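So the chains spell out like this:
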Amino acid sequence: MSDDNGPLYLGFDLSTQQLKAIVVNSDLKTIAQAKVDFDGDFARDYEIHKGVHVREETGEVFAPVAMWMESLDLVLERLYQEMPVSMSRICGVSGSGQQHGSVFWNSDAEELLRELDPKEDLVTQLTDALAHEWSPNWQDQSTQKECDAFDSALGDREKLAEVTGSGAHHRFTGPQIMRLRQVLPRMYANTSRISLVSSFLASLLLGSIAPLDVGDVCGMNLWDIPKQEYSSELLALAGGEQGADDLRKKLGEPQMDGGKSFGNISQYFVYKYGFNPDCQVVPFTGDNPATILALPLRPLDAIVSLGTSTTFLMNTPAYKPDGSYHFFNHPTTKGHYMFMLCYKNGGLAREKVRDALPNAAPAGQASWDEFNKAVLNTPPLDVARDGDKAKLGLYYYLRETVPNIRAGTFRFHCETDGSNLQQASEWSREVDPRIIVESQSLSMRLRSQKLVHSPRDSLPAQPRRIYLVGGGSMNPAIARVVGDVLGGADGVYKLDVGGNACALGGAYKALWALERKQGETFDELIAKRWKEEGSIERVDHGFKDGIYQKYGEVLGAFGEMENKLLAEEKS
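Within each chain, residue numbers correspond to sequence positions counted from 1 in written order. In keeping with the predicted nature of the model, local features appear solely for residues at pLDDT of at least 70, side-chain atom pairs appear and are counted solely at 80 or more, and the whole-chain, interface and lining totals rest on all residues. Side-chain metrics rest on all non-hydrogen atoms present in the structure, leaving aside hydrogens and water.

The name given to the chain in an unreviewed UniProt entry is Xylulose kinase, and the organism recorded there is Conoideocrella luteorostrata. UniProt positions are given in the numbering used here, feature names are shortened, and annotations may be inferred rather than shown by experiment. What the UniProt record of the chain gives under Function (unreviewed entry) is the line "Highly specific D-xylulose kinase which participates in the catabolism of xylose. Xylose is a major component of hemicelluloses such as xylan. Most fungi utilize D-xylose via three enzymatic reactions, xylose reductase (XR), xylitol dehydrogenase (XDH), and xylulokinase, to form xylulose 5-phosphate, which enters pentose phosphate pathway." Recorded in UniProt under Sequence similarities (unreviewed entry), the annotation for the chain is "Belongs to the FGGY kinase family."

Structural data, given as structure tokens:
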């Protein structure tokens with residue numbers, strides 16, 4: 001046992017395929033961690049694949065809520081085994097949940113949560129607390145009719161984004177509630193409260209229905225961000241013309257202070273796992289907001305997640321919504337927002353281009369060597385000499401959401417000043433690796449340009465730092481192009497927090513809630529304790545004078561290319 005008797009903080013991450021738990025001390029050092037893999041631990045019991053059920057004929061994707069209850073007991077059993085010190089030192093608990101999913105409780109839920117018996121497990125006692133045994137997953141695509149209704153409810157999609165921070169999306173909770181109310185009216189009538197996945201997990205730990213979080217409530221298309229209240233018009237749309245007040249009660253008012261404790265942890269966890277009875281449950285947030293809490297992300301810093309999908313995140317005080325991207329309340333900092341772009345065609349699209357190269361490795365022996373060589377041997381925009389046209393392209397192997405363009409490969413060229421955009425014929429496949437990485441980066445630059453400013457005198461507007469996470473963050477050629485296109489006045493960095501960014505963000509959130517001084521922000525407290533050594537590695541210089549401006553010259557042409565293809569969709 002350690003001689004250190006200081007406080008510890010526990011963070012959870014309930015994602016699509018796993019439940020993770022991580023414990024840190026006041027110096028942000030990881031003390032212990034554990035996880036449950038849903039397919040590995042529960043596939044036979046719940047007949048899931050990659051954490052979910054899929055109903056192809058309707059586009060529904062959903063997860064069994066009982067599996068999550070069972071997972072909480074299992075992950076705490078495993079954490080208990082891994083802990084080198086007493087669980088009683090854990091003073092605060094927070095975490096994250098996959099965004100947009102919902103859990104429907106019946107009128108027995110509060111009593112059943114309050115009277116949990118530590119001699120029994122959660123799933124045995126709480127299955128009867130559910131009005132609906134399933135939670136819609138973020139991959140669900142069954143709500144197109146409802147999305148159309150949301151996009152037109154306030155005038156058009158841009159008006160909806162101005163109010164809620166996002167246009168309507170299949171996965172968002174408002175359209176999901178609207179559909180479930182219509183297809184399962186008895187279930188909806190029997191619903192007493194509706195939780196998001198984040199507040200569901202907090203409810204289990206609290207022993208009562210926990211309020212929604214200030215950041216996660218924005219992932220519903222129901223919250224009016226400028227007014228910081230529910231939109232009555234959108235509640236009426238989702239809940240039915242006469243059901244706006246009823247839906248408001250089902251959702252409950254969110255907790256607007258991301259660091260205010262909900263109260264003590266349930267006695268169930270005190271007696272079963274040895275938690276301190278004074279351990280505080282702090283608001284849980286969404287997985288995307290939790291990601292930006294995993295490091296002290298200052299305004300003008302950006303995270304680019306280069307996984308199967310590509311995600312761009314910024315902490316910003318500017319609220320400048322648009323139907324093609326997302327704004328959420330910042331989970332800890334009042335008056336700040338989380339800006340998010342999410343692309344379907346990320347790592348998979350880059351792999352398709354890699355595998356189409358003439359010298360690509362045989363199937364099963366994929367290597368990025370030829371791809372990287374092609375990227376670095378191709379000049380920016382494939383402009384090698386005066387008179388060459390700049391090449392622009394889109395490589396969509398799935399229908400994209402940002403913008404909503406069909407699958408396909410689309411090649412264009414223009415003058416280096418962005419004029420005279422024309423569709424191009426095929427070009428050498430060795431050029432494609434450079435153009436696809438430029439294309440993905442140009443889309444992020446186009447959509448974030450209103451949120452950046454000059455980080456210091458004489459430099460063009462750009463992010464201060466760019467942090468890369470995900471599988472692609474380890475690729476030096478991709479890092480080079482990201483720096484060429486997006487800049488990064490203080491460089492491009494690979495961020496390494498293992499696979500636990502969301503759980504870490506939750507643990508840090510609990511720490512801040514309980515150790516903050518009067519008026520001390522999350523960023524201020526964490527920045528004092530966060531050590532860059534071992535967590536980040538500089539992988540590119542970022543801003544390169546001259547090259548950065550060249551990409552700026554064609555940014556308008558890149559947007560014009562997208563608009564041409566969008567117009568074809570409508571014709």
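(A) Fine view of the sheet that holds strand E20 (residues 408–414). One bridge is not enough; two strands pair if DSSP finds at least two bridges between them. Helix and strand labels come from DSSP, where a helix needs a run of H or I of at least four residues and a strand needs a run of E of at least two; each type is numbered from the N terminus. Spatially, E19-E20-E21 is the arrangement adopted by the 3 strands of the open sheet, whose pairing is antiparallel. At either end of the open sheet lies a strand with only one pairing partner, and these are strand E19 (390–396) and strand E21 (422–423). Where E20 meets E21, 2 bridges bridge the pair, whose relative direction is antiparallel. Within E21, the position partnered with Phe-412 by the bridge is Gln-423. Any two residues whose heavy atoms approach within 4.5 Å at even a single point are treated as in contact. To get an axis, a line is fitted to the C-alpha atoms, and for a helix only the part in contact is used. The angle between two axes follows their N-to-C directions and goes from 0 to 180 degrees. In the packing of helix H16 (residues 432–448) onto the sheet, the strands contacted are E19 and E20, and the crossing angle to E19 comes to about 80°.

(B) Here's a closer look at the sheet that holds strand E5 (residues 60–64). Within the open sheet, the 3 strands sit side by side as E4-E5-E8. Their pairing is antiparallel. Each end of this open sheet is capped by a strand with a single partner; those strands are strand E4 (53–55) and strand E8 (134–136). This sheet shows a mean twist of 35° between the axes of neighbouring strands, independent of strand direction. Taken together, the 3 bridges between E5 and E8 define a ladder with antiparallel strand orientation. What sits directly across from Ala-63, in E8, is Ser-135.

(C) Main features of the UniProt feature "domain: Carbohydrate kinase FGGY N-terminal" (unreviewed entry) in the chain. Those residues carrying the UniProt feature "domain: Carbohydrate kinase FGGY N-terminal" (unreviewed entry) are residues 138–293 in this numbering. Secondary structure content for residues 138–293 is 46% helix and 9% strand, and the end C-alpha separation is 21 Å.

(D) Quick peek at a negative patch on the surface. Grouping into patches uses exposed residues only, defined as over 30% relative accessible area, and leaves out salt-bridged ones; the cut-off is 9 Å for like charges and 5 Å for nonpolar side chains (Val, Leu, Ile, Met, Phe, Trp, Tyr). What sets the accessible areas is the Shrake-Rupley method with a 1.4 Å probe; for residues, cover comes only from the shown protein chains. The working definition used for a salt bridge is a side-chain nitrogen of Lys or Arg within 4 Å of a carboxyl oxygen of Asp or Glu. None of His or the chain ends enter the tally, which takes Lys and Arg as positive and Asp and Glu as negative. In plain terms, the charge of a residue is placed at NZ if it is Lys, CZ if Arg, CG if Asp and CD if Glu. Taken together, the side chains of Asp-108, Glu-111, Glu-115 and Asp-128 present a region of like negative charge at the surface. Along the polypeptide, Glu-115 turns up in the loop between helix H3 (109–114) and helix H4 (122–126). Classification of residues uses two cut-offs on accessible area relative to the type maximum, computed with a 1.4 Å probe and protein chains only: under 20% is buried, over 50% is exposed, and between them is partly exposed. Residue Glu-115 is classed as exposed on the basis of its relative accessible area of 52%.

(E) Summary view of the pattern of salt bridges. Applying the stated criterion across every chain, the model contains 30 salt bridges. Across the pair Asp-382 and Lys-391 runs a salt bridge whose closest N-O atoms are separated by 2.8 Å. In this pair, the class of Asp-382 matches that of Lys-391, namely buried. Between Arg-411 and Glu-426 there is a salt bridge, with the nearest N and O atoms lying 3.3 Å from each other. Here the residue Arg-411 occupies a position in strand E20, and Glu-426 occupies one in the loop between E21 and H16, the gap between them amounting to 15 residues. Look at Arg-411 and you get buried, because its relative accessible area is 11%.

(F) Representation of the packing of aromatic side chains within the structure. When two rings of Phe, Tyr or Trp (its six-membered ring) have centres within 6.5 Å they constitute a pair, described as stacked for plane angles under 30 degrees, edge-to-face for angles over 60, and tilted for the intermediate range. Enumeration over the complete set of coordinates arrives at 19 aromatic pairs. On the numbers, 4.9 Å between centres and 90° between planes, the contact of Trp-368 with Phe-371 is edge-to-face. Among the residues examined, Phe-371 registers a relative accessible area of 0% and is labelled buried. Three or more aromatic residues joined by ring pairs form one cluster here, namely Phe-312, Tyr-319, Tyr-325, Phe-327, Tyr-337 and Phe-339. Any Lys NZ or Arg CZ found within 6 Å of a ring centre and within 35 degrees of that ring's normal is scored as a charge over the ring. The cationic tip of Arg-354 hangs over the ring face of Trp-368; the distance from NZ or CZ to the ring centre is 4.5 Å. Its end group placed over the ring of Tyr-548, Arg-445 keeps NZ or CZ at 3.7 Å from the ring centre.

(G) The arrangement of the nonpolar core in detail. Phe-150, Leu-222, Leu-251, Phe-312 and Leu-392 are the most contacted members of the largest nonpolar core, which totals 118 residues. Per-element tally for this core: the top contributor is helix H18 (residues 501–515), with 8 residues. Other than its neighbours up to four places away in sequence, Phe-312 contacts Ala-302, Ile-303, Val-304, Phe-339, Met-340, Leu-341, Met-444, Ser-448 and Leu-486. If you look at the next biggest cluster of nonpolar residues, it comprises 61 residues, including Phe-12, Ala-66, Leu-116 and Leu-130. To qualify as a nonpolar core, a set must consist of buried Ala, Val, Leu, Ile, Met, Phe, Trp, Tyr and Cys residues joined through side-chain atoms within 4.5 Å.

(H) Examining empty space enclosed by the protein more closely. With a 1 Å grid spanning the protein atoms alone, the term cavity applies to any set of points in which a 1.4 Å probe fits but cannot get out, the term pocket to an open set with protein on both sides within 12 Å along at least five of seven lines, and the term lining residue to any residue with an atom within 4 Å of a point. Grid points are joined across faces, edges and corners, and a volume is the space filled by probe spheres set on the points. Scanning all chains against the criterion turns up 2 cavities of 30 Å³ or more. Here the largest cavity defines a volume of roughly 120 Å³. In terms of lining, the largest cavity is formed by 15 residues, of which the most central are Tyr-343, Asn-345, Tyr-396, Ser-439 and Gln-440. Mapped onto the lining of the largest cavity, the elements with two or more residues apiece are E19, H16 and helix H21 (555–570). Sort the elements by how many residues they give to the lining of the largest cavity and H16 lands first, with 4 residues. Roughly 40 Å³ of volume is contained in the second largest cavity. Lining the second largest cavity are Leu-306, Arg-350, Val-437, Gln-440, Ser-441, Met-444, Ile-478 and Val-482. The dominant element in the lining of the second largest cavity, judged by the number of residues it contributes, is H16, at 4 residues. Here the lining of the second largest cavity is built from residues that sort into 5 nonpolar, 2 polar and 1 charged. Each residue receives one of three labels: charged for Asp, Glu, Lys and Arg, nonpolar for Ala, Val, Leu, Ile, Met, Phe, Trp, Tyr, Cys and Pro, and polar for the others, Gly being one of them.

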